[in-house]
Amino acid sequence: MSFSKILVANRGEIAARVMRTARAMGCRTVAVYSTADADAEHVRQADQSVLIGESLPAQSYLNIAAIVDAARASGAQAVHPGYGFLAENAAFAQVCRDAGLVFIGPSPEAIRAMGDKAGAKRLMQAAGVPCIPGYQGEDQSQSRLAAEAARIGWPVMIKATAGGGGRGMRLVPSAAAFAELLQSAQSEALNAFGDATVILERAIVAPRHIEIQVFADRHGNAIHLGERDCSVQRRHQKVIEESPSPAVSAALRERMGATAVAAAKAIGYEGAGTLEFLLDADGRYWFMEMNTRLQVEHPVTEAVTGLDLVELQLRIAAGEPLPLAQQDVRISGHAIEVRLCAEDPRQGFLPQSGTLAAWRPSAALRTEHALRDGAAVPPFYDSMIAKLVAHGRTRDEARQRLLAGLQDTVALGVATNQQLLQRALAHPVFESGAATTAFIAEQLDGLLAPDDAAEARARLLAALLLQLGEHGWPSPLAHRLPNALRFALDGMNCQARVQPLGAARFDIRIGDQAPVRIDLLALPGQGHVRFCCNGLAEQAVVAHGPAGRLFFHVRGRPFQLDNLTHVAVTREGAASADGLLRASMNGRVIALLAAEGDTVAAGQPLVTLEAMKMEHVHCAPRAGRLAALHVAVGAQVAARHVVAEIADA
C-alpha cells in the first residue's frame, strides 16, 4: 500500500464502515468532526480525530480547507470521502491531489464529467448509452424551461444538475403546477448544493430503479458486480435496496452490466462507481446518472459477491490492478438492506433529532451504524442513522431474516421509520417482488394504518410502567387502593385506572373498557420487563428519557410514554387559538415568506426551515395579522420554539 494512514472525510455509519476495513488492512485512521459530533461514535473509533468547524455542514464537513489542514496535521496520506458531503466534489478531489494526498475515488476530471447531470447525459448519449428524452440546456429561464417541459410532455421530472439523494427533484403532473414546483426544486438545490441549475426529463411512470455497481482501475480494467434494485423510495430517496433484482433476468443483467462497463471506460473511470437506470415493464432501460463514489447500499453487493468494496477502493487508489476479472464475479444468494431513518412517517416523514435513550441492534443482521445508548442524533445532517442487511439463500429467506431482525432491533428516544420498514417488507407487493418506485406512495395508507391490537396492548403496558414508577418491583405491603392515571402514548391521550391485587398482579382499565389482568413476571435488569396479559407472556425494553418521559419497545415497535397524571388539562383547540406558530423540529431558518404586519390566512406559508437536508414549510395556525416574527434567516431553532405570532386582524 502506498499509504498507511487514512483520513475519513465524513461522519456516522459510513465513517465507521471505512475505518473498519482500513484497520483490517493495517491502516491507521483519522476522523474529522463538527462541534455537534464532538462525542460521536465515529470519533471514538478513530485512532486520531480533528475538529474542523461548527455544526452546519458548510462550516465543517463541506469545509475543504479545514479537511486538508486536518490531513496535514495528522500525517494522513490519503482521504476517503465516504458518500454525501464532498464525495462527488471535483474541487475537493483536485485540492487533495494538489496537496499530495491520495483521493480514494475517481479523478477530478471523471467526477466533473459525471457530476453534472446535464453534461453526463450528453456524454452517455455520445457513448451510445440509452438516455431519457429531456432538456439539459444552459437557458434556465422559467419561460424556456416551461416551454421545454410542454415539448417533452407531462408528467415531467425536474432534477437539480448537482443534485443527489432526491433533493432538488420534483415530479410535475401538469403545466399548472410547473412554476411552483420549479421554484421549489431550484430553491432546495441552491440551499443543498449551491447551484440552482436543473434539467428536465420525461417522467417514466412507476419504473424500477436499477443500478449497476462498477469498478475500474488505472490499468484499463473494468468490471461490474451485478445490479441492485432500489425501487422502494420515498421522496425520491431510497428506503429498501436488494441484490439481485427480482425484475432482472440473467440476460438483462449481462446487457445492463456491459452498458455500465462501457460507460465507465468511455470516461477513463477509476475506482467504485454506480450507473443508475430506470427500467420499465417491457425490459427497456434508460440512464439516469452516475454516482462517482461508494453507495449507501453497497453492503448488499458485498453480501452476494463476498467482496469488500472498501478494500477494493483502497487497493485501486494505491495503484493496484483489480484482483478479479468479470468471469470471476459470482452472485450467491440474495441480500436486502433497509435504511433506518430518524423521521416520523406519520408527519410526512418529518426529520427527527434528539438523543437515543437505548440502542440494541439485532445480532442476526449486519447492522452498519455509529450509535450507542445516549448517542446524539443532530438536526444538521442526513436522517439515516443505520442500515440493516440480511443475506439468505433465496430472496424470501433474506426478507424474512431482515423482517425478524428489524423487529428485534431497539431504537428508543428518537422517532424512526422502523414500523414502516417492517410493513413494507411484509407487504404482498414487496413480497412478490413487484414493487416499483410508486410502491410507498401507492401503499402509504396501509403502511401507516394503526395496529389496534398492538396499541391496545401497549396502553396496558404503559399503565403498568407508570404504576411501577420509580419503585420497581411492587412491595407485598403496598396498598391496594385503585390509582387513576393520565398519559400520552405516542401523542394520544389516555386515561387508565390501575387496581393492585397483590403478588405483582393488577387489574388495568383503559378508559371505559373492561379491566384486564396484568401479571408482572420479572424485572431482569438492563431496562427489560417481562409481563403476562391474558395468558400471553412477553418482554419489553424500557428506557428513561428527559422530564420523566419513558420509551419502551414491545412487539417490534417503539412507543413514547408521557405521564400526564399531574399535568393541568389544557382546553381543546388552545394550541392553534393562541396564534403561536412553533417549529415542528430542530432546524435552520432558510426563508421568511411574510413580513410583520401582513394579513395572513389560515394555512398560509410563513417560514421555511431546513432540517437534515430537507425543506419544511411552516404555515399560519389561524387567520389574522402577523404580529411578530421571532426568527431571522440563518437562525437555528429548536423544536417547539415559537417562530411567529398571529394576532387578530
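Look a little higher up for the structure.
Criteria and cut-off values
Residues numbered from 1 in each chain as written. Predicted model: local features only at pLDDT ≥ 70, side-chain atom pairs only at ≥ 80, totals over all residues. Heavy atoms only, no water. Axes fitted to C-alpha atoms, helices over the stretch in contact; angles between N-to-C directions. Helix = DSSP H or I, 4+ residues; strand = E, 2+ residues; numbered from the N terminus. Parallel < 35°, antiparallel > 145°, perpendicular 65-115°, else oblique. Contact = heavy atoms within 4.5 Å. Nonpolar A, V, L, I, M, F, W, Y, C, P; charged D, E, K, R; others polar. Salt bridge = Lys/Arg side-chain N within 4 Å of Asp/Glu carboxyl O. Buried < 20%, exposed > 50% of the residue type's maximum accessible area, 1.4 Å probe, protein only. Polar contact = N/O pair within 3.5 Å; in protein donor to acceptor, adjacent residues only side chain to side chain. Pairing = 2+ DSSP bridges. Left-handed = near helix turned anticlockwise from the far one by under 90°.

Draft legend 1. Seen up close, the packing of helix 4 (residues 90-98) against helix 5 (residues 108-115). Packing of helix 4 against helix 5 leaves a shortest axis separation of 8 Å and a crossing angle of 175°. Our classification of the angle between helix 4 and helix 5 gives roughly antiparallel. Between helix 4 and helix 5, the contacting residues are A90, A93, Q94 and R97 on the first element and P108, E109, I111 and R112 on the second. Residues of the contact of helix 4 with helix 5, tallied by class, amount to 4 nonpolar, 1 polar and 3 charged.

Draft legend 2. Region of interest: the pattern of salt bridges. Applying the stated rule across the entire model yields 48 salt bridges. Measuring nitrogen to oxygen at the nearest pair gives 2.9 Å for the salt bridge that ties E88 to R293. Taken together, the positions of E88 in the loop between strand 4 (78-80) and helix 4 and R293 in the loop between strand 14 (285-291) and helix 10 (298-305) put the pair 205 residues apart, joining distant regions of the chain. The exposure class assigned to E88 is partly exposed, which follows from its relative accessible area of 29%. Here E227 makes a salt bridge to R253, at a shortest N to O gap of 2.6 Å. Separated by 26 residues along the polypeptide, E227 in strand 11 (residues 222-234) and R253 in helix 9 (residues 250-266) bring together distant segments of the chain. The exposure class of R253 is buried, given its relative accessible area of 18%. What you see here is one network of salt bridges that share partners, running through E211, R228, K238, E241, E276, E297 and R339.

Draft legend 3. The environment of E615, seen in detail. Positionally, E615 belongs in strand 36 (residues 614-619). The residues contacting E615, other than those within four sequence positions of it, are S187, E188, N191, I590, T608, L609 and E610.

Draft legend 4. Spatial organisation of the side chain of N417. Considering the arrangement of structural elements, one finds N417 in the loop between strand 23 (410-412) and helix 13 (418-426). Residue contacts for N417: discarding those within four places in its chain leaves V239, R339, L340, C341, E343 and P345.

Draft legend 5. Just the environment of Q604, in detail. Its location among the elements puts Q604 in the loop between strand 34 (599-600) and strand 35 (605-611). For Q604, a relative accessible area of 27% corresponds to the partly exposed category. Note: C-alpha distance between Q604 and A620 (16 residues apart in sequence) is 5.3 Å. Leave out the neighbours within four places in its chain, and Q604 touches T599, H618, C619 and A620. In this structure the side chain of Q604 is engaged in a polar contact, spanning 3.0 Å, whose partner is the backbone nitrogen of A601.

Draft legend 6. Highlighting the pairing of strand 27 (residues 516-525). The sheet contact formed by strand 26 (residues 505-510) and strand 27 spans 4 bridges and is antiparallel. Bridge pairing in strand 27 links R505 to D519. The turn joining strand 26 and strand 27, which pair antiparallel and follow one another in sequence, is formed by 5 residues; a positive phi near 60° is taken by G511. Sheet analysis places strand 27 next to strand 28 (residues 528-533), joined by 5 bridges and oriented antiparallel. When the bridges of strand 28 are listed, I518 appears paired with C533. Between strand 27 and strand 28, which pair antiparallel and follow one another directly, the connecting turn spans 2 residues, one of which, Q526, has a positive phi of 55°.

Draft legend 7. Inspection of the pairing of strand 39 (residues 642-647) at higher detail. Taken together, the 3 bridges between strand 32 (residues 580-582) and strand 39 define a ladder with antiparallel strand orientation. Paired with L580 across the bridge in strand 39 is E645. In the sheet, strand 37 (residues 624-629) pairs with strand 39 via 4 bridges, with the strands oriented antiparallel. From the neighbouring strand, A628 faces strand 39, where its bridge partner is E645.

Draft legend 8. Here's a closer look at the sheet that holds strand 25 (residues 492-502). Within the closed barrel, the 8 strands sit side by side as 24-25-26-27-28-29-30-31. Their pairing is antiparallel. On average, adjacent strands in this sheet sit at an angle of 35° to one another, irrespective of strand direction. Pairing between strand 24 (residues 483-489) and strand 31 (residues 557-563): 3 bridges, direction antiparallel. From the neighbouring strand, A488 faces strand 31, where its bridge partner is D562. On the sheet, helix 16 (residues 452-468) packs against strand 24, strand 25, strand 26, strand 27, strand 28, strand 29 (536-544), strand 30 (550-554) and strand 31 and is oriented at approximately 125° with respect to strand 24.

Draft legend 9. Fine view of helix 11 (residues 309-317). Counting buried positions over the 9 residues of helix 11 gives 7, a clear majority of the element. Its side-chain oxygen 3.0 Å from the backbone nitrogen of V310, D308 forms the N-cap of helix 11. G319 occupies a position one or two residues after helix 11 and carries a positive phi of about 95°.

Draft legend 10. Structural context of the packing of helix 3 (residues 64-74) against helix 4. The contact between helix 3 and helix 4 brings their axes to 11 Å, and the two run at 30°. If you check the angle between helix 3 and helix 4, you find them roughly parallel. Remark: the crossing between helix 3 and helix 4 carries right-handed chirality. Contact residues: helix 3 offers I64, I67 and V68, while helix 4 offers A91, F92 and V95. Classifying every residue of the contact of helix 3 with helix 4 gives 6 nonpolar, no polar and no charged.

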